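Spelled out from the first residue to the last, the chains are:
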Amino acid sequence: MNRQIVLKKRPVGMPMPGDFALQNVPIPEPGDGEVLTRTLWLSLDPYMRGRMNEGPSYAAPVHLGGVMVGGTVGAVVASRDPRFSPGDVVLGSAGWREYAALPGRTLRKLDPAAAPVSSALGVLGMPGMTAYVGLLDLGRPREGETVVVSAASGAVGSVVGQIAKIKGCRAVGVAGGPEKCRYVVETLGFDACADHRAPGLGEALARACPKGVDVYFENVGGAVQEAVWPLLNQFARVPVCGLIAQYNDAAPRPGPSMWSVLRKRLSLRGFIVSDHAERSDDFTRDMSGWVRQARVKYREDVVEGLERAPAAFIGLLQGRNFGKLIVRVAS
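Description of the structure in this document. None of the values given here were measured: they were computed from a predicted structure. (Residues numbered from 1 in each chain as written. Predicted model: local features only at pLDDT ≥ 70, side-chain atom pairs only at ≥ 80, totals over all residues. Heavy atoms only, no water.)

**Some words on the overall build of the chain**
Alright, step 1. For the chain, the helix and strand inventory stands at nine helices and 15 strands.
Alright, step 2. Its C-alpha atoms give the chain a radius of gyration of 20 Å, near enough to 20 Å, the size a compact globule of 331 residues would have.
Alright, step 3. Per-residue burial for the chain yields a buried fraction of 53% across its 331 residues.
Alright, step 4. Once local pairs closer than 6 in sequence are excluded, the contacts in the chain between residues at least 24 apart make up 67%. (Helix = DSSP H or I, 4+ residues; strand = E, 2+ residues; numbered from the N terminus. Rg over C-alpha atoms; globule rule 2.2 N^0.38 Å. Buried < 20%, exposed > 50% of the residue type's maximum accessible area, 1.4 Å probe, protein only. Contact = heavy atoms within 4.5 Å.)

Here it is as structure tokens:
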């Protein structure tokens, strides 16, 4: 049988375990051009919270009773696409399930000898490319500038700060708790990190950014955004990647002052990494090299077993993960 986790009901506020259901269904048979994969690794990412809502967004919501979406690394079990053979390891989007029959055109073969295959869901995958495109193309950092990134110990934020350092910038992170802040500075090489769970976040950021903020890479929103906003320099750039602190809000929060956007001539732009597929080759070349040279480091937070995915995802929205959150579904 094929275990899968479906959306049982749409959450109001923070998702609850009862919003998900674990089902046993038959293992599918691949059709023409399809590949049957067994999921090895499942990626858990904040964007999944938006897919649980029914309202309009940049992507279709998960239907009630539908399998939760998600990027996966899987092993090919059977193939009706000549490009793939049993035993191949592939990157795809099987979602929260153990087996899936996927169109071969949607899969990318991975080389286990080149890098740990789980990294294709993190630093060498969608989160890494999100950091790369968002910072370099939208943030446009220049040597000597100050880059601040929220959720700095997470899958995207950790890479943003390290790229900023590679580009000659001062990198300042915001993370939750002293352990994460130590990791951001001592292991990842940021210049400073402010703890958003400690009192005086605004003052701590002001000390860490004596020349103000030229690029703010937004992953969080809420109180962190409020603390950064007064420090933005004229012509600062704000790539808006995520707003995880606000994903469970039942009503919109008051926003930052649009007068400051005009007065400081700020550039704000939301972005979705899938809109920048043309940068994939550049990202793969640069990021693979930086990882091999240990100029970019990464950390994975591994959860064992598909059945633990809902609780782990809820923890992600609460900031309990430390590093890129992935589920080991099978060995």
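Additional details are given in the paragraphs that follow.
**Brief notes about the sheet that holds strand β12 (residues 232-240)**
Alright, step 1. Strand order in the open sheet made by the six strands is β10-β9-β8-β11-β12-β13, with parallel pairing throughout. If you trace the sheet from one side to the other, it starts and ends with β10 (192-195) and β13 (267-270), each paired once. Across the sheet, the mean angle from the axis of one strand to that of its neighbour is 15°, orientation sign disregarded.
Alright, step 2. As paired strands, strand β9 (residues 170-175) and β10 are joined by four bridges and run parallel to one another. Across the sheet, residue alanine 175 finds its bridge partner in β10, namely aspartate 195.
Alright, step 3. Docked against the sheet, helix α3 (residues 157-166) engages β8 (146-150), β9 and β11 (213-217), running at close to 170° with respect to β8. (Pairing = 2+ DSSP bridges. Axes fitted to C-alpha atoms, helices over the stretch in contact; angles between N-to-C directions.)

**Structural notes on the packing of aromatic side chains**
Alright, step 1. Counted under the stated rule, the structure contains seven aromatic pairs.
Alright, step 2. With centroids separated by 6.5 Å and ring planes inclined at 85°, the aromatic side chains of phenylalanine 20 and phenylalanine 313 adopt a geometry described as edge-to-face. Of this pair, phenylalanine 20 sits in strand β2 (residues 20-25) while phenylalanine 313 is found in helix α9 (residues 309-317), placing the two residues 293 residues apart along the sequence.
Alright, step 3. Geometrically, the ring pair formed by tyrosine 183 and phenylalanine 322 is edge-to-face, given 5.2 Å between the ring centres and 90° between the ring planes. Of this pair, tyrosine 183 sits in helix α4 (residues 178-187) while phenylalanine 322 sits in the loop between α9 and β15 (324-328), and the two are 139 residues apart along the sequence. (Phe/Tyr/Trp six-rings, centres within 6.5 Å; stacked < 30°, edge-to-face > 60°.)

**Some words on the pairing of β12**
Alright, step 1. The pairing of β11 with β12 spans two bridges and is classified as parallel. Along β12, the bridge assignment pairs valine 215 with arginine 237.
Alright, step 2. Running through helix α6 (residues 222-228), the crossover from β11 to the neighbouring parallel element β12 is right-handed.
Alright, step 3. Direction of pairing for β12 relative to β13: parallel, over a ladder of four bridges. Bridging from a neighbouring strand, valine 238 pairs with leucine 268 of β13. (Right-handed = clockwise from strand over helix to strand, strands pointing away.)

**Considerations on helix α8 (residues 280-292)**
Alright, step 1. Relative to the 18 Å expected for 13 residues at 1.5 Å per residue, α8 spans 18 Å between its end C-alpha atoms, a close match to the ideal helical length.
Alright, step 2. Inspection of α8 places Phe283, Asp286, Met287, Ser288, Gly289 and Trp290 among the buried residues, and these make up the whole buried set.
Alright, step 3. Following α8 by one or two positions, alanine 294 adopts a phi angle in the positive range, close to 60°. (Expected span 1.5 Å × (residues − 1).)

**Examining the nonpolar core**
Alright, step 1. Leu44, Trp96, Leu205, Leu232 and Phe313 are the most contacted members of the largest nonpolar core, which totals 43 residues.
Alright, step 2. Among all residues touching phenylalanine 313, those that are not within four sequence positions of it are Pro15, Phe20, Leu44, Asp45, Met48, Arg49, Met52 and Trp96.
Alright, step 3. In this structure, Leu124, Leu136, Val156 and Ile163 belong to the second largest nonpolar core, which totals 36 residues. (Core = buried A, V, L, I, M, F, W, Y, C linked by side-chain atoms within 4.5 Å.)

**Points about helix α2 (residues 126-139)**
Alright, step 1. The buried fraction of α2 amounts to twelve of the 14 residues, a majority that puts the element mostly inside the structure.
Alright, step 2. The positive-phi residue at the C-terminal boundary of α2 is arginine 140, with phi of around 45°.

**Topic: the environment of proline 11**
Alright, step 1. Relative to the helices and strands, proline 11 is located in the loop between β1 (2-7) and β2.
Alright, step 2. It is 27 Å that separates the C-alpha atoms of proline 11 and glutamate 226, two residues lying 215 residues apart in sequence.
Alright, step 3. Residues contacting proline 11, with those up to four places away along its chain left out, are Asp19, Arg49, Met52 and Asn53.

**Observations concerning unusual backbone geometry**
Alright, step 1. Within the chain, arginine 265 stands out as a residue other than glycine whose phi angle is a positive 55°.
Alright, step 2. Unusually for a residue other than glycine, alanine 294 sits at a positive phi of about 60°.
Alright, step 3. Mapped onto the elements, alanine 294 comes out in the loop between α8 and β14 (300-304).

**Remarks on the packing of α2 against α3**
Alright, step 1. The contact between α2 and α3 brings their axes to 8 Å, and the two run at 45°. The angle between the axes of α2 and α3 places the two elements in the oblique class. Our pair here, α2 against α3, has a crossing hand that is right-handed. Contact residues: α2 offers Gly128, Ala131, Tyr132, Leu135 and Leu136, while α3 offers Val159, Val160, Ile163 and Ala164.
Alright, step 2. A class-by-class count of the residues in the contact of α2 with α3 yields eight nonpolar, one polar and no charged. (Parallel < 35°, antiparallel > 145°, perpendicular 65-115°, else oblique. Left-handed = near helix turned anticlockwise from the far one by under 90°. Nonpolar A, V, L, I, M, F, W, Y, C, P; charged D, E, K, R; others polar.)

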